[in-house]
Amino acid sequence: MVAGATTQRGERPTTIPERRRRGFLFWARDTGWRHLIGLVMLAFAAFPLLYVLSASLNPTGTLVGSNTLFRTIDFGNYVRLFQLPQQPYAAWFINTMVIGLVAAAGTVFLGALAAYAFSRMRFTGRRVGLLTLILVQMFPQLLGVVAIFLLLSGIGEVFPQIGIGTQAGLILVYLGGALGVNTYLMYGFFNTVPVSIDEAAKIDGASHARIFFTIILRLVAPILAVVGLLSFIATTSEFVIASIVLTNPQSQTLAVGLYQFVSQETSRNWTIFSAGAVLAAIPVMALFLYLQKYIIGGLTAGSVK
Amino acid sequence: MKPPRSSSSVRGILIKIALLSIIDAIAVFGLFMLFLQESWVAFGAVLAVTVIINWIYLRPGWLPAKYLAPGLLFLAVFQIFVVVYSGYIAFTNYGDGRNGSKDDAITTILLTAQSRVPDSPAFRITVLEQFGEYSFLVTDPDGGVFLGGDERPLERVTDFGTDSTGRADSLPGFTTLTFNDLLGNQRAITNIAVPLTDDPNDGALRTPDGSNAYLYLSSLTYDEATDTFIDREGRVYRDGGDGAFVNDAGRELIPGWTINVGFDNFVKAFTTENIRGPLISVTIWTFAFAILSVATTFALGLFLAIVFNKPNMRGKKAYRLIMILPYAFPGFLSGLVWLGLFNQDFGFINQVLFGGAAIPWLTDPWLAKFSVLLVNLWLGFPYMFLICTGALQSIPEELTEAATVDGAQPWAVFRLIKFPLLLVSVAPLLISSFAFNFNNFNIIYMLTGGGPRDVTAGVDAGATDILITLVYKVAFGEGTGRDYGLASAFAILIFFIVATVSIISFRQTKVLEELN
């Protein structure tokens, strides 16, 4: 056992004879109360999630019927979810995944290109460029939502394929935010890859593009995954821009579709909505938990050292 | 020394040329379309960007530009241009019924004021389609055949085909719509108005059924010389100077057009009593919401980090895993799930936890504020817990040990040693968390929609509205008409607030100095 880990008071593995007699009281004062707080927090954190899961399995359909948790277990809501003519859930789901994946891939690619330049090359404007990237992230795109709407309407008159109402247009808008905090995260990680690797490859005759695509990108794969995932989560949860760009129910995302579904008649549609929410949350949560180590590392990189 | 070119660099050049030609092809198409539409500013911009891109990639050397250009292009169009454009819109009256040029407005007014001329002759028509656009092939009562469409006046055509009754029914290059096509696109077709001539005062042809068209005349006539509209009763509508035609009684013709209104939107926001009041309270609440959100999540997260920062505690991993679930749950769904939990009549909180009480969680102004903060605490504490745990663990154990040896109590160790150290490392994250919550649209909009609404306000503002939800509701809300100009003025206001806050906080934390 490392000495540093056992310096907390009373935590030293001791062999005092009285230990067994006073065991419980000691434990309660030392560790037990922590478990008490832990249990309260577990209830607070997990309850809404359990509630929505229980509601999704409840056949009664309404909000009031969902108040007894896990009374019945019935998968009917999951079936009905895919049979609503006005709310094409399957289409929303696919749209969300496609938009999220394409936007995430684009963000990673554009960000990696820029991070490579900032990390490996020295040029005038480099410092200013890095500062600008930090400042730009202070202005989220949704502030310019009116301008985005009018801009896409204008673009649509020349290229209807990327105008208002198209998912391609929405993805392009999201890519406008590709450089920013993401690039900054990547820049930090690129710096940890030794420059001597590039130099060795250069001496062997590799071009800059070859070094970037076949050597560097592989070495920085963990940060690419983190940025990709963060951008995927951000994109799939985005509501404002998606709600004004995607006008047709068939082309909408889960955020827009489910909001309209439940905000109109909250109580009546509750259990079907819950089923939709559970299905929508599962992929994101699974990915998040699977990669949580990297994400947490990525989130705190740059400030917590 | 230049290394010899290998076969892979030849492949690279080929890929580069292929990609560049695709971009150029798209650009040329766009330029062509813009040329036809006579949008010269956009034409110039697209041309300049295309030339720059080609120059960057064809010119040897200048490597950084090759790597930065793609991201910068998107950044320039969809972020920087968007900000500048927002600034421009804030100085216009853009909005519902004010979203085009004056010429467009005149044409639209004439078209919408049309009614069918009594006893007008029936024109036999066939509806044709080409490139997704409908046209009328018109056989007039004298046997002449013409082609026209929406905003395309009739023109005489010759190489048409006719059916047995002498009606022209086909034209090379066009598809004749079948009866089923007509039924399927009925709305689009009945909305088409084909101008008889270049002069909109001459009227237009419309069809109720796709086979006969009738002459429609506007009840208003436009006089170009005096720039006025005159209706059948002889009332005169003049250009009132604020983007619409108005008569002496103050009645406006819809639509108007976009004009530059200078600082009117800002003046309106700050001087109109029933806009200024809500705007001030929304701004105060935006700050309160952002600060309280950061404070509550940080306090709870830090507290939990301390509680669980105990080596050898059993089940620590399980606690941690479950406590970060709210953070992993998609943000937009959280608001909606809590919307159900907080429901006044049927929700779990009132029905089960409060035994059937009807507590107006989301409809009482103060309770709604509390609810929003509570839900945001639920969403945000895991993040703070994670970063505080990380920060606590990175504080060297020797410091605690040394202080303890000197006789410091645990609380003093925490307050005087650990907390200041922790604050140094998490301060930048607290600032970005503030910036995020300042514009935390989803949680507010999904949970309360900004409500409960302040009925005395001149804009659609409520007790929990923050600035960004106000912008959205003013611009795209259903309650009141869309007012893009005013919404953009509000957005500009947010820009200034965020910029000020971030400059001050960056100075404080000296994040910028760490850059090398």
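First things first, this report covers the structure right here in the doc. Quick caveat, the model's predicted, so the values are computed rather than measured.

Right, let's get into the overall build of chain A. Each helix and strand in chain A was counted, giving 14 helices and 0 strands. The linear arrangement of helices and strands in chain A, starting from the amino end, is α-α-α-α-α-α-α-α-α-α-α-α-α-α. Here chain A, with 305 residues, has 54% of them falling under the buried criterion. Contacts in chain A between residues far apart in sequence, at least 24 positions, make up 69% of those at least 6 positions apart. Of the accessible surface of chain A, which amounts to about 14,000 Å², a share of 66% is contributed by carbon and sulfur atoms.

What follows is about the overall build of chain B. For chain B, the count of helices and strands is 18 helices and 15 strands. Against the globule reference of 24 Å for 516 residues, chain B gives a C-alpha radius of gyration of 33 Å, more extended than a compact globule. Counting over 516 residues, chain B shows a buried share of 47%. Of the contacts formed within chain B by residues at least 6 apart in sequence, a portion of 57% connects residues at least 24 apart. Approximately 25,600 Å² of chain B is accessible, and the part contributed by carbon and sulfur atoms is 63%.

As a further point, take the pairing of strand 5 (residues 152-156) of chain B. Residue and element names in this part refer to chain B. Relative to strand 5, strand 4 (residues 145-149) runs antiparallel, the two being bridged by 3 bridges. Of the residues in strand 5, the one forming a bridge with Gly149 is Arg152. Hairpin connection of strand 4 to strand 5: 2 residues between the antiparallel strands, including Glu151 at a positive phi of 60 degrees.

Our focus in this paragraph is the side chain of Asn58(A). Of note, Asn58(A) is situated in the loop between helix 1 (23-56) and helix 2 (76-80). Dropping the residues within four chain positions of it, Asn58(A) is found in contact with Gly65(A), Ser66(A), Arg71(A), Thr72(A), Asp74(A), Asn77(A) and Thr271(A).

As a further point, take the packing of aromatic side chains. As enumerated under the stated definition, the model contains 56 aromatic pairs over all chains in all. Ring centres 5.4 Å apart and planes at 80 degrees place the aromatic pair Phe149(A) and Phe476(B) in the edge-to-face group. Note that Phe149(A) is positioned in helix 5 (residues 145-158) and Phe476(B) in helix 17 (residues 467-476), a pairing that runs across two chains. Just as Phe149(A) is buried, Phe476(B) falls in that class too. The ring of Trp285(B) has Lys369(B) sitting right over it, with the charged end atom 5.2 Å from the ring centre. One residue, Lys369(B), lies across the ring of Trp366(B), its end atom 4.7 Å from the ring centre.

Think of a sheet as strands paired side by side through backbone hydrogen bonds, with each pair either parallel or antiparallel. All names here are of chain B. Pairing is antiparallel across the open sheet formed by 4 strands, whose spatial order is 12-13-14-15. Both outer strands of the open sheet, strand 12 (220-223) and strand 15 (245-247), are each paired with one neighbouring strand and no more. This sheet shows a mean twist of 30 degrees between the axes of neighbouring strands, independent of strand direction. Strand direction decides the pairing type here: strand 13 (residues 228-231) and strand 14 (residues 236-239), joined by 3 bridges, are antiparallel. In the sheet register, Ile230 faces strand 14, and the bridge partner there is Val236.

A few words on the interface of chain B and chain A. In this complex, chain B contributes 105 residues to the contact, which on the side of chain A involves 104 residues. Both faces considered, chain B and chain A share a buried interface measuring about 9,500 Å² in area, 77% of it formed by carbon and sulfur atoms. Viewed at the interface, chain A and chain B are joined by 0 salt bridges. Counting the contacts that link chain B with chain A gives 9 residue pairs in polar contact (both at pLDDT 80 or more). Per-element tally for the side of chain B that touches chain A: the top contributor is helix 3 (residues 63-89) of chain B, with 17 residues.

What follows is about a nonpolar patch on the surface. Among the surface-exposed residues, Leu50(A), Leu53(A), Phe70(A), Ile73(A) and Phe75(A) lie close enough to one another that they form a single nonpolar patch of about 480 Å² accessible area. The residue Leu50(A) is located in helix 1 in this model.

What follows deals with the pairing of strand 12 of chain B. Strand residues, when the strand is regular, have side chains that alternate between the two faces of the sheet. Residue and element names in this part refer to chain B. The alternating pattern of strand 12 places Leu220 and Tyr222 on a buried face and Thr221 and Asp223 on a face that is not buried. In terms of strand pairing, strand 12 meets strand 13 through 4 bridges, oriented antiparallel. Looking at the pairing, Thr221 lines up with Ile230 of strand 13. Linkage of strand 12 to strand 13, two consecutive antiparallel strands, is achieved through a turn of 4 residues, within which Asp227 is found at a positive phi near 55 degrees.

Attention now moves to the packing of helix 8 (residues 195-203) of chain A against helix 9 (residues 208-219) of chain A. Residues and elements named next belong to chain A. The interhelical angle for the contact between helix 8 and helix 9, taken along N-to-C directions, is 155 degrees, at an axis separation of 11 Å. Considering the angle they form, helix 8 stands roughly antiparallel to helix 9. For helix 8 against helix 9, the interelement crossing comes out right-handed. Here Ile197, Asp198, Ala201 and Lys202 of helix 8 lie close against helix 9, whose contacting residues are Ile211, Ile215, Ile216 and Leu219. Of the residues assigned to the contact of helix 8 with helix 9, the class counts are 6 nonpolar, no polar and 2 charged.

In terms of residue burial, helix 12 (residues 254-264) of chain A counts as a mostly covered element, since 8 of its 11 residues are buried. Buried within helix 12 of chain A we find Leu254(A), Ala255(A), Val256(A), Gly257(A), Leu258(A), Tyr259(A), Phe261(A) and Val262(A). Turning to helix 12 of chain A, the residues buried within the fold contact helix 3 (89-120), helix 10 (221-237), helix 11 (240-245) and helix 13 (270-290) of chain A together with helix 11 (331-341) and helix 16 (441-447) of chain B.

On to the environment of Ser66(A), then. All names here are of chain A. Within the fold, Ser66 resides in the loop between helix 1 and helix 2. Among the residues examined, Ser66 registers a relative accessible area of 0% and is labelled buried. Setting aside chain neighbours within four positions, we find Ser66 in contact with Tyr51, Ser54, Ala55, Asn58, Trp270 and Thr271.

The next point concerns the pattern of salt bridges. Residues and elements named next belong to chain A. A full pass over the atoms with the stated rule returns 6 salt bridges over all chains. The salt bridge partner of Arg120 is Asp198, with a shortest N-O separation of 2.8 Å. In this pair, Arg120 is assigned in helix 3 and Asp198 in helix 8, connecting sequence segments 78 residues apart. Asp198 carries the same exposure label as Arg120, and that label is buried.

Tracing the backbone through its elements, the reader meets Asp460(B) in the loop between helix 16 and helix 17. In this structure the side chain of Asp460(B) is engaged in a polar contact, spanning 3.4 Å, whose partner is the side chain of Arg453(B).

Conventions and cut-offs
Residues numbered from 1 in each chain as written. Chains lettered and ligands numbered in written order. Predicted model: local features only at pLDDT ≥ 70, side-chain atom pairs only at ≥ 80, totals over all residues. Heavy atoms only, no water. Helix = DSSP H or I, 4+ residues; strand = E, 2+ residues; numbered from the N terminus. Buried < 20%, exposed > 50% of the residue type's maximum accessible area, 1.4 Å probe, protein only. Contact = heavy atoms within 4.5 Å. Areas by Shrake-Rupley, 256 points an atom, 1.4 Å probe, with all protein chains shown as cover. Rg over C-alpha atoms; globule rule 2.2 N^0.38 Å. Pairing = 2+ DSSP bridges. Phe/Tyr/Trp six-rings, centres within 6.5 Å; stacked < 30°, edge-to-face > 60°. Lys NZ or Arg CZ within 6 Å of the ring centre and 35° of its normal. Axes fitted to C-alpha atoms, helices over the stretch in contact; angles between N-to-C directions. Buried area = accessible area lost by both parts, 1.4 Å probe. Salt bridge = Lys/Arg side-chain N within 4 Å of Asp/Glu carboxyl O. Polar contact = N/O pair within 3.5 Å; in protein donor to acceptor, adjacent residues only side chain to side chain. Patch = residues over 30% accessible without salt bridge, like charges linked within 9 Å, V, L, I, M, F, W, Y side chains within 5 Å. Parallel < 35°, antiparallel > 145°, perpendicular 65-115°, else oblique. Left-handed = near helix turned anticlockwise from the far one by under 90°. Nonpolar A, V, L, I, M, F, W, Y, C, P; charged D, E, K, R; others polar.

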